[in-house]
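Close look at the chain arrangement
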Amino acid sequence: VQTCACLLDGVNYATMGTRVYKDVESKYRHVVGRVFLLTGDQVVVHEGRILEKPESEEEARSFIKGYSRSPPQTVGSVVLTDVRSGRRWARVDTAKMFYRNIPDQIIDKLIEEGKIFHSAGGLRIEDPLVRPYLIRIEGTKDSIMGLCKDDVEFVLTQALNNQKAVDVDSI
C-alpha cells in the first residue's frame, strides 16, 4: 500500500487510507460465495496487420481508406477468473465490417472531429459520419465496439454451472 503524508484540517488521510485498505482487504477475505474477475481486450486486424489507435492524420487517413479495399475485423476476448480457485473460462469473438468508399471530405471531418484517434484502427461504427458507408456487419455491434455481451453471458453461465474451465494459454 502506497501512502503519502496528507494532513488536511488536522486529519491524517494517509493513515485513514491505510485503515480503509485493511478494512476492504479483511472484507474480501470473508466474502461468502464466489468472486469473479472479468477481463477483456480487443484488437483490430486489417490486411494481416494489427492496428492500434492512429497516431497521425496520415495514419488515420490510411486506415480508413483501406477499409473500402478490404474489411477490417475486430478480435476480442473475455476471460472470467474465479479469484479463489484460479479457474478460468474464456471466449474469443470476431466481427467484420464491410465499407463502401468513404470520401476524402468525410475522412477530413472524422480527423477534425478527433474521436478516431481514441479507437483502435480509428474504427467508430457508431459515428453518424461513418454509418452511411457501412454496408454490413458480420458479427455483433457490441463485439465491434469493444465487449461482446454474448461472450460475457457465456463465460458467466459456464462458471456458474461449474462447466469445465479452459486452459487460456491454449486459445
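The text that follows walks through the structure, step by step, so that each part is easy to find.

Thresholds, definitions, all that
- Starting from 1, residues in each chain are numbered consecutively following that chain's sequence as written.
- pLDDT decides what is reported in this predicted model: residues at 70 or higher carry local features, side-chain atom pairs at 80 or more are listed and counted, and totals for whole chains, interfaces and linings draw on all residues regardless.
- Side-chain calculation: all heavy atoms of the structure are included, whereas hydrogens and water are not.
- Among buried residues, the Ala, Val, Leu, Ile, Met, Phe, Trp, Tyr and Cys ones that are joined through side-chain atoms within 4.5 Å form a nonpolar core.
- Relative accessible area decides the class of each residue, using a 1.4 Å probe on protein chains only: under 20% of the type maximum gives buried, over 50% gives exposed, and in between gives partly exposed.
- By definition, any uninterrupted DSSP run of H or I lasting at least four residues is a helix, any uninterrupted run of E lasting at least two residues is a strand, and each is numbered from the N terminus.
- Contacts were defined at the residue level, with two residues in contact if any of their heavy atoms lie within 4.5 Å.
- One bridge is not enough; two strands pair if DSSP finds at least two bridges between them.
- Structural elements are reduced to axes, namely lines fitted to C-alpha atoms, with helices fitted over the stretch in contact, and the angle between N-to-C directions of any two is expressed from 0 to 180 degrees.
- Expected span of a helix, by definition, is 1.5 Å for each gap between consecutive residues, and there is one gap fewer than residues.
- As used here, the arc is the angular range of directions from the helix axis to the C-beta atoms.

It is worth spelling out the nonpolar core at this point. Core analysis: the largest hydrophobic core is formed by 21 residues, its most contacted members being Tyr-67, Met-97, Tyr-99 and Ile-102. A total of four residues in this core trace back to one element, the largest contributor, which is helix H3 (residues 104-113). Those residues within four positions of Tyr-99 in sequence are excluded, and the remaining contacts are Tyr-67, Ser-68, Pro-72, Leu-123, Ile-125, Val-130, Tyr-133, Leu-134 and Ile-135. Grouped together as the second largest cluster of nonpolar side chains are six residues, Trp-89, Val-152, Val-155 and Ala-159 included.

Along the chain, the position of His-46 falls in strand E3 (residues 36-46). Among the residues examined, His-46 registers a relative accessible area of 6% and is labelled buried. Not counting residues up to four positions away in its chain, the partners in contact with His-46 are Leu-51, Gly-66, Tyr-67, Arg-69, Ser-70, Pro-71 and Pro-72.

Read from one edge to the other, the open sheet built from five strands follows the order E4-E3-E5-E6-E7, with strand pairing classed as antiparallel. The open sheet is flanked by strand E4 (49-51) and strand E7 (134-138), the only strands paired with a single partner. Strand-to-strand twist across the sheet, computed as the mean angle between neighbouring axes with direction ignored, equals 30°. Where E3 meets strand E5 (residues 73-82), 10 bridges bridge the pair, whose relative direction is antiparallel. Looking across to E5, one finds that Gly-40 is bridged to Val-78.

Given a rise of 1.5 Å per residue, 12 residues ought to cover 16 Å, and the 16 Å separating the end C-alpha atoms of helix H5 (residues 149-160) matches this to within 8%. Of the residues making up H5, those classed as buried are Asp-151, Val-152, Val-155, Gln-158 and Ala-159. Angularly, the buried residues of H5 cover 135° about the axis, an arc narrow enough to put them on a single face. Along H5, the residues that are exposed and aim more than 90 degrees away from the buried face are Lys-149, Glu-153 and Leu-160. On its buried face, H5 sits against E3, E5 and strand E6 (88-99).

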